[in-house]
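Okay, here's what each chain looks like letter by letter:
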Amino acid sequence: MEKEILKNYENAKSASDEVIEFAKKLIKIGEKALDIAEKIEKKIEELKVKPAFPVNISINEIAAHYTPDIDDNLIIQQNDLIKIDIGVHVNGYIWDRAFTVCIGEKDHPLIRISEKALAEALKLIKAGTKVYEISEVVEETIKNEGFNPIRNLCGHGLDQFNQHTTPTIPNGENSIQEEIKEGQVIAMEVFATNGSGLVKESYPTLIYKFKQDKPARLWEARKILEASKTRFNGLPFAKRWLTSIATPLKIDLALKQLTQIDALISYPVLKEVTNGLVAQTEETVIVK
Ligand code: CO
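None of these values were measured; they are calculated from a predicted model.

Trainee: Help me understand the domain arrangement of the protein, please; the structure alone is not making it clear to me.
Mentor: How big an interface is tends to be reported as the loss of accessible area on association of its parts. Per the domain assignment, the segments of the protein are domain 1 (3-198 + 273-286) and domain 2 (202-270). A C-alpha centroid distance of 24 Å is found between domain 1 and domain 2. Taken residue by residue, the interface counts 25 residues in domain 1 and 18 residues in domain 2. Approximately 1,800 Å² of surface area, both sides summed, lies buried where domain 1 meets domain 2, with 70% of it carried by carbon and sulfur atoms. Our count for the contact surface shared by domain 1 and domain 2 stands at two salt bridges. Arg240 is paired through a salt bridge with Glu41; the nearest N and O atoms lie 2.8 Å apart.

Trainee: Help me understand the coordination of the cobalt ion in this model?
Mentor: Coordination angles at a metal have ideal targets, namely 109.5 degrees for four tetrahedral donors and 90 or 180 degrees for six octahedral donors. Around the cobalt ion, the protein contributes the donor atoms Asp96 (OD), His156 (NE2), Glu189 (OE) and Glu282 (OE), at 2.1 to 2.4 Å from the metal centre. One way to put it: the four donor atoms around the cobalt ion meet at angles of 75 to 166 degrees, and that makes the site irregular. Counting the intervening residues between successive donors of the cobalt ion yields the motif D-x59-H-x32-E-x92-E. In this pair, Asp96 is assigned in strand β5 (residues 93-102) and Glu189 in strand β9 (residues 185-193), connecting sequence segments 93 residues apart. The two residues Asp96 and Glu189 agree in class, both being buried.

Trainee: What exactly am I supposed to notice about helix α2 (residues 33-46) here?
Mentor: Because an α-helix packs 3.6 residues into every turn, residues spaced three or four apart end up facing the same way. Helix length check: α2 (14 residues) gives 20 Å between terminal C-alpha atoms against 20 Å at 1.5 Å per residue, within 8%. Regarding α2, the residues found buried are Ala33, Leu34, Ile36, Ala37, Ile40, Glu41, Lys43 and Ile44. On the buried face of α2, the contacting elements are α1 (3-26), β1 (50-51), β2 (56-59) and β4 (81-90). Phi turns positive one or two residues past the end of α2, at Lys48, with a value near 60 degrees.

Trainee: Help me out: how do you make sense of the pairing of strand β12 (residues 264-272) in this one?
Mentor: Consecutive side chains of a regular strand alternate in pointing toward one face of the sheet and then the other. Where strand β3 (residues 62-64) lies against β12, two bridges are found, and the strand directions are antiparallel. Paired with Ile62 across the strands is Lys271, a residue of β12. Judged from the eight bridges that link them, strand β10 (residues 199-210) and β12 form a sheet pairing that is antiparallel. Paired with Tyr208 across the strands is Ser266, a residue of β12.

Trainee: Honestly, the side chain of Ser16 in this entry has me stumped. Any pointers?
Mentor: Locating Ser16 in the fold gives a position in helix α1. Aside from chain neighbours lying at most four places away, what touches Ser16 is Val88, Trp95 and Arg97.

Trainee: Would you take a moment to explain helix α3 (residues 109-124) for this structure?
Mentor: Helix length check: α3 (16 residues) gives 23 Å between terminal C-alpha atoms against 22 Å at 1.5 Å per residue, within 8%. By the burial criterion, the buried members of α3 are Leu110, Ile111, Ile113, Ser114, Ala117, Leu118 and Ala121. Projected down its long axis, α3 carries its buried residues within an arc of 165 degrees, all on one side. Those residues of α3 that are buried lie in contact with β4, β5, α4 (131-143), β9 and β13 (278-286).

Trainee: Help me understand the environment of Asp72, please; the structure alone is not making it clear to me.
Mentor: Structurally, Asp72 can be placed in the loop between β3 and β4. Here Asp72 falls in the buried class, since its relative accessible area comes to 7%. Note: C-alpha distance between Asp72 and Leu34 (38 residues apart in sequence) is 6.0 Å. Those residues in contact with Asp72 that lie beyond four places of it in its chain are Lys32, Leu34 and Tyr66. A distance of 2.4 Å separates the side chain of Asp72 from the side chain of Tyr66, its partner in a polar contact.

Trainee: How should I be thinking about the pattern of salt bridges in this particular structure?
Mentor: Side chains bearing opposite charge may pair, as long as their charged atoms lie close to each other. Under the counting rule described, the total for this entry stands at 16 salt bridges. We note a salt bridge from Arg112 to Asp107, for which the minimum N-O separation is 3.5 Å. Each of the salt bridges in this network shares a partner with another, and the network as a whole consists of Lys13, Asp17, Arg97 and Glu283.

Trainee: I tried to follow the sheet that holds strand β11 (residues 237-238) on my own but got confused; where do I start?
Mentor: Two pairing modes exist for strands in a sheet, parallel and antiparallel, and in both the strands are linked by backbone hydrogen bonds. Taken together, the four strands give an open sheet; going across it, the order is β3-β12-β10-β11, and neighbouring strands pair in antiparallel fashion. The sheet is open, and its two edges are formed by β3 and β11, each paired on a single side. Those strands touched by helix α5 (residues 219-229) are β10, β11 and β12, and its axis lies near 85 degrees from that of β10. Strands in contact with helix α6 (residues 248-260) are β10, β11 and β12; relative to β12, the strand with the most contacts, it is inclined by about 100 degrees.

Quick notes on the rules
- Residues numbered from 1 in each chain as written.
- Predicted model: local features only at pLDDT ≥ 70, side-chain atom pairs only at ≥ 80, totals over all residues.
- Heavy atoms only, no water.
- Domains from an automatic or database assignment.
- Contact = heavy atoms within 4.5 Å.
- Buried area = accessible area lost by both parts, 1.4 Å probe.
- Salt bridge = Lys/Arg side-chain N within 4 Å of Asp/Glu carboxyl O.
- Donors = N, O, S within 2.8 Å, 3.2 Å for Na, K, Ca; no water.
- Tetrahedral: all angles 85-135°; square planar, octahedral: opposite > 155°, others 65-115°.
- Helix = DSSP H or I, 4+ residues; strand = E, 2+ residues; numbered from the N terminus.
- Buried < 20%, exposed > 50% of the residue type's maximum accessible area, 1.4 Å probe, protein only.
- Expected span 1.5 Å × (residues − 1).
- Pairing = 2+ DSSP bridges.
- Arc of directions from axis to C-beta.
- Polar contact = N/O pair within 3.5 Å; in protein donor to acceptor, adjacent residues only side chain to side chain.
- Axes fitted to C-alpha atoms, helices over the stretch in contact; angles between N-to-C directions.

Structure, rendered in structure tokens:
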């Protein structure tokens, strides 16, 4: 990896260290998820780095892709299993991490097992390991404790201004022979559940990303599409980040239109199919 690129990753990682520490202190009973997300995003700004995607605060059976809505009233409750997923980038070089907390329960078995399975997976993330070998260790570690991995969620490669690239490392067993290569940057994430081990797209949708240029009828839609390329650099953005462009009603109409004409990709909330509780742990590594 070039020195210049490595420097960017190192800066993204050290900002991420600080943001994660800061975020851990914010999770308290009675706090609004919206306030937590905004404080974390403000911290990211203060550190002179940028969010690679909106702060995800996914609770209980929601595995991923929940970020607070405009005027969101969601409040942290006792015993909630809260997953915080944060990505920061420096010049497009992304550092992606997630942790889970359960207030009132210090040693939640799902949190412990997702951390353990991730640690086992990270031991294998080195040049020459095959993808299926990593997935196998994730599935076995979780199943040994009587829980399930979420088989349709995956660790993923990172690239400049690209949150999801090769390799894709599923949480469940598979036969992918692809090898991990030196120089790859991998966000490995493990999801453990007491449910059946699958997620499906659900409601609401609060995160979007630029896909392609298309002529949009609404003026607000054209402004949002422009911002998705320039202000957000083609990376995922939150609906609540658009309030400087339009009113909430117009934002909804514009996002609906942009999704319909295939100009934006939408990321609906991902929910465990049997409403099982989900814990997530994620770390980014550079393959040396
Ligand atoms: Co990730």
